[in-house]
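Examination of the molecular architecture
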Amino acid sequence: MSGTYLGMPSFPRAARDAVQDVTLRANLRHATHTIRDKRAKAVAELEDWARLREAGKQIKNHTLRHLDRYLEQLEASVTAAGGTVHWAADAAEANRIVADLVKATGQNEVVKVKSMATQEIGLNEALEAEGIAAYETDLAELIVQLGHDRPSHILVPAIHRNRGEIRDIFRKEMGSWGRAAPEGLTEAPADLAEAARLHLREKFLRAKVGVSGANFMVAETGTIVVFESEGNGRMCLTLPETLISVVGIEKVVPTWRDLEVFLQTLPRSSTAERMNPYTSMWTGTADADGPGTFHLVLLDNGRTDSLADEVGRQALRCIRCSACLNVCPVYERAGGHAYGSVYPGPIGAILSPQLRGIQSEIDASLPYASSLCGACYEVCPVAIDIPEVLVHLREKVADQGGKGHRVERAAIKAAGWVLDHPAALAAGEKAAARTRRLHPRTLPGAGPWTAARELPELPAQSFRDWWKKNRTNGKKNRT
Amino acid sequence: MSASRESILARVRAAVADAPETPEPARDYLTTHTPDDPAAILDLLHENLADYRAIVHRATEDELPALIAELLDTHGARSVAVPEGLPAAWLTDTSAEPRTDEGPLTAYELDAIDAVVTGCALAIAETGTIVLDAGPAQGRRALTLVVDLHICVVRAPGQVVASVPQAMPRIDPTRPLTWISGPSATSDIELDRVEGVHGPRTLEVVLLRD
Ligand code: SF4
């Protein structure tokens, strides 16, 4: 049901459309500002935040350095606990595995927990092609799915829809997929939520197969962890007879104790809560509690390519909290769809080109979809230096394209788009000025690109002026 | 073993072959953010549970049956799911029809039950979280999920810890675990918080003096 990302226009073209969409921008602005203000308060409650952030970074770095060992250990512990582990090199293989597992149950429908990994591989479409209906059960994903739409934010995928639009979608579409929306449905959020509850409960109660992703997998114990708010996750994870979880290989952590770090940093960074309403953890199968059959599909799909890149591999630390989206002045104006990937915002700008390669126009333009203001790095709970990776990827894009190369043109246009949007940049500069004392003399990790010059002190020269100057001169340095 | 398994592991090994060794992660973060005072920790739990819209009560063992009866009554609950190991005394005052999880109850049967009363494994004050591990008085995960009203009894101070790092060593990861922080909630519609899209819409917590 949901759209495909194939043949997406490059970032600047998609962003231009988004900027013209007044509703979208108003919704986005309201949402990102609300979440980021709340997040700052939730983080301030923990005086050891900086140490938790550093611990999270180190745990992930250590895991990635020994990923082979921890994946083998995870496989052994999941198997010992009664689960079955499958390995998928790419999207096609993962989809094949899941479709075959569903078919083996004799079912032709599954209930789904919102999951970036299954969106990344286009699982719903692949199942549909095999005659299997995949029902998204997260409220926002339901809105997206019923609206024949694509998610635009990691955490609040329907952030681009307001209540009136949601009511219209429910009225028009619910009936063709199951229980119709109640007569006279209003646009009050409580009524809309109630309509979704009734529509989806019918599906939960009869579901025989559930499909999920996971936030973490513990190598030591084989425990799989899903964070959520609504309870739809718990429904999908516990009511069906068979559970299939598709999880990126980078989601493993070595020990049970490691979770204590992420249980503190993830909810506060993402929904700005001390803890999200529900966290489910299961280890293989349990007698008479939850699914009797559990399959774990470990997904590569470009992750090992990213791992091989010594600058870019830090993107694999990402715990998908979405904090970087909410502080990004470019995301705020362009919206999630402009990034042409399930991973929008700053993390999307570095993750998508790494997972998919930089051959396509959209992927080559993504590293330029940023003002390099650094706000994303400041909020990241695992300290991913997104600006460093962006600059690194720009070098790669420049390296691959000769003069007039279409991909490089797209990239330069993206940079142009960012520069042409003063409000986006003004916000960036403000963030930069606020953190002025922390600024290094050169751009973090800019490497050869800025090695020849020192960053001027801010705001002695505005960030924009510096950037423009650097970009004009920079071409020589980048080749 | 599958070809993809071998090739993924080989690609991982090649990718990190030249990567520098990483130190064991430093764990210099705090194990608690709260003074070691049981009364203060209990107050914090109370406050944080209420902040996330759980309804919190305090009771002694003697007061508990009447309180549970009153809560069931207030919500008009005429049937109540009873997990294995729930102390019989807790339900002596209510006239709600007890439904034990025999059969076991199907999802459809659970959907028709008004309330569930459980104990818990642990509660975490700093985050306002209740941990269920399917142990005695807690039942299968479905019991506290499909039923719309959840009344949960926490023994204090015995089942209360201050922080997440203090909770981890006390939880058995091999059990099916549900961490609950307030009732089911969503903020997907213009970021307006709405309780209970799919899980219980009402969470009543009784802090029971040990
Ligand atoms: S890059 Fe960091 S801030 Fe962005 S989603 Fe990932 S973990 Fe969160």
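In what follows, the accompanying structure is described. Just so you know, the residues in each chain are numbered from 1, in the order the chain's sequence is written. Written order determines the labels here, with chains lettered from A and ligands numbered from 1. Given that this is a predicted model, residues contribute local features only at a pLDDT of at least 70 and side-chain atom pairs are listed and counted only at 80 or more, while totals for whole chains, interfaces and linings are drawn from all residues. With hydrogens and water excluded, all non-hydrogen atoms of the structure serve as input to the side-chain values.

**A look at the interface of chain A and chain B**
- For this analysis, residues touch if any pair of their heavy atoms sits within 4.5 Å. Each partner contributes to the interface: chain A provides 92 residues, whereas chain B provides 75 residues.
- A 1.4 Å probe defines the accessible area here, and the buried area is the portion of it lost by two parts on being joined, summed over both. Buried surface at the junction of chain A and chain B, summed over both partners, amounts to about 7300 Å²; 57% is from carbon and sulfur atoms.
- Per-residue buried area on chain A facing chain B is highest for Arg65, Arg197 and Arg274 of chain A; these three make up 10% of the total on that side.
- One side-chain nitrogen of Lys or Arg within 4 Å of one carboxyl oxygen of Asp or Glu is enough to make a salt bridge. Here chain A is connected to chain B by 13 salt bridges.
- N or O atoms within 3.5 Å of each other form a polar contact, as long as, within protein, one can give a hydrogen and the other can take it, and as long as residues adjacent in sequence are counted only when both atoms are side-chain atoms. Here chain A is connected to chain B by 44 residue pairs in polar contact (both at pLDDT 80 or more).
- Going along the chain from the N terminus, every DSSP run of H or I of four or more residues is numbered as a helix, and every run of E of two or more is numbered as a strand. A per-element tally of the side of chain A that touches chain B places helix H10 (residues 189-206) of chain A first, with twelve residues.
- By residue class, the composition of the side of chain A that touches chain B is 43 nonpolar, 22 polar and 27 charged.
- Both strand E9 (residues 278-283) of chain A and strand E9 (residues 177-180) of chain B contribute to a ladder of four bridges, which runs antiparallel. Bridge pairing in E9 of chain B places Ser280 of chain A opposite Thr178 of chain B. Note that Gly is not counted as nonpolar here; it falls among the polar residues with everything else outside the nonpolar set of Ala, Val, Leu, Ile, Met, Phe, Trp, Tyr, Cys and Pro and the charged set of Asp, Glu, Lys and Arg. Should DSSP find at least two bridges between two strands, the strands are taken to pair.

**Thoughts on the site of the ligand**
- Around the ligand sit Cys318, Ile319, Arg320, Cys321, Ser322, Cys324, Ile347, Cys380, Pro381, Val382, Ile384 and Ile386 of chain A, and those are all the residues in its vicinity.
- For the shell around the ligand, the per-class residue count stands at ten nonpolar, one polar and one charged. The cutoff for a nearby residue is simple: one of its non-hydrogen atoms must lie within 4 Å of the molecule or strand.

**Some remarks on the sheet that holds E9 of chain A**
- The strand order across the open sheet built from eight strands is E8(A)-E5(A)-E6(A)-E9(A)-E9(B)-E6(B)-E5(B)-E8(B), with neighbouring strands paired in mixed fashion. Two strands close off the open sheet at either side, each with one partner strand: strand E8 (252-253) of chain A together with strand E8 (160-161) of chain B.
- Of the pairings in the sheet, the one linking strand E5 (residues 216-218) of chain A to E8 of chain A comprises two bridges and is parallel in character. Counterpart to Val218 of chain A in the pairing with E8 of chain A is Val253 of chain A.

**Thoughts on the sheet that holds strand E3 (residues 133-136) of chain A**
Residues and elements named next belong to chain A.
- With parallel pairing, six strands are arranged side by side in an open sheet as E1-E10-E7-E4-E2-E3. Both edges of this open sheet fall to strand E1 (84-88) and E3, since each of them pairs with a single strand only. Looking at each pair of strands side by side, their axes are set apart by 25 degrees on average, direction ignored.
- Bridge count for strand E2 (residues 109-112) against E3 is four bridges, and the pairing is parallel. Across the sheet, the residue bridging to Glu109 is Ala133, located in E3. Each axis is a line fitted through C-alpha atoms, and for a helix only the stretch in contact is used; angles between axes span 0 to 180 degrees, taken between their N-to-C directions.

**Here we look at the packing of aromatic side chains**
Residue and element names in this part refer to chain A.
- Two rings belonging to Phe, Tyr or Trp (six-membered ring only in the last case) form a pair when the distance between their centres is within 6.5 Å. Interplanar angles under 30 degrees mark stacking, angles over 60 mark edge-to-face geometry, and anything in between is tilted. Per the stated rule, a full pass over the model turns up four aromatic pairs over all chains.
- Geometrically, the ring pair formed by Phe216 and Phe262 is stacked, given 5.0 Å between the ring centres and 25 degrees between the ring planes. Residue Phe216 is found in strand E5, and its partner Phe262 is found in helix H12 (residues 259-270); the two are separated by 46 residues along the sequence.
- Relative to Tyr339, the ring of Tyr331 lies with its centre 6.3 Å away and its plane at 35 degrees, an arrangement referred to as tilted. Judged on exposure class, the residue Tyr331 and its partner Tyr339 are both buried. Here the term buried applies to any residue with accessible area under 20% of the maximum for its type, exposed to any over 50%, and partly exposed to those in between, with areas from a 1.4 Å probe on protein chains only.

**Some remarks on helix H19 (residues 386-400) of chain A**
Residues and elements named next belong to chain A.
- To estimate how far a helix should extend, the number of its residues minus one is multiplied by 1.5 Å. Taking 1.5 Å per residue, 15 residues should reach 21 Å; H19 reaches 21 Å between its end C-alpha atoms and fits that length.
- For H19, a buried count of eleven out of 15 residues is recorded, marking the element as mostly surrounded by other parts of the structure.
- Within the sequence span of H19, burial applies to Ile386, Pro387, Val389, Leu390, Val391, His392, Leu393, Arg394, Glu395, Val397 and Ala398.

**Some remarks on helix H16 (residues 345-356) of chain A**
All names here are of chain A.
- With twelve residues, H16 should cover 16 Å at 1.5 Å per step; its first-to-last C-alpha distance of 16 Å lies within 8% of that length.
- Along H16, eleven of the twelve residues are buried, which leaves the element largely enclosed by surrounding structure.
- The complete set of buried residues in H16 reads Gly345, Pro346, Ile347, Gly348, Ala349, Ile350, Leu351, Ser352, Pro353, Gln354 and Leu355.
- Of the residues trailing H16, Gly357 is marked for its positive phi of about 85 degrees.

**Quick word on unusual backbone geometry**
- Cis geometry is found at the peptide bond from Gly103 of chain B to Pro104 of chain B, where omega equals -10 degrees.
- When you line up the elements, Pro104 of chain B lands in the loop between strand E3 (97-100) and helix H4 (107-111).
- Positive phi is not limited to glycine here, since Ala288 of chain A has a value of about 60 degrees.
- One non-glycine residue, Ala383 of chain A, lies in positive phi territory at about 55 degrees.
- Its location among the elements puts Ala383 of chain A in the loop between helix H18 (375-379) and H19.

**Side note on the side chain of Ser212 of chain A**
All names here are of chain A.
- Among the secondary structure elements, Ser212 is positioned in strand E4 (residues 209-212).
- Residue class for Ser212 comes out buried when judged on its relative accessible area of 1%.
- Apart from the residues lying within four places of it in its own chain, the contact partners of Ser212 are Val113, Ser115, Thr118, Leu237, Leu243, Ile244, Ser245, Val246 and Trp282.

**Things to note about the environment of Glu54 of chain A**
Residue and element names in this part refer to chain A.
- Take Glu54: it is sitting in helix H3 (residues 49-65).
- Look at Glu54 and you get partly exposed, because its relative accessible area is 34%.
- Once the C-alpha coordinates of Glu54 and Val261 are considered, the two residues, 207 residues apart in sequence, prove to be 9.8 Å apart.

**Observations concerning the pairing of strand E10 (residues 293-299) of chain A**
Residues and elements named next belong to chain A.
- Counting buried positions along E10 yields six of seven residues, so the element is predominantly enclosed.
- The pairing of E1 with E10 spans five bridges and is classified as parallel. Each bridged residue has a counterpart across the sheet, and for Val85 the counterpart in E10 is Leu296.
- Pairing geometry for strand E7 (residues 242-248) and E10, over seven bridges, is parallel. The residue of E10 that forms the bridge with Ile244 is His295.

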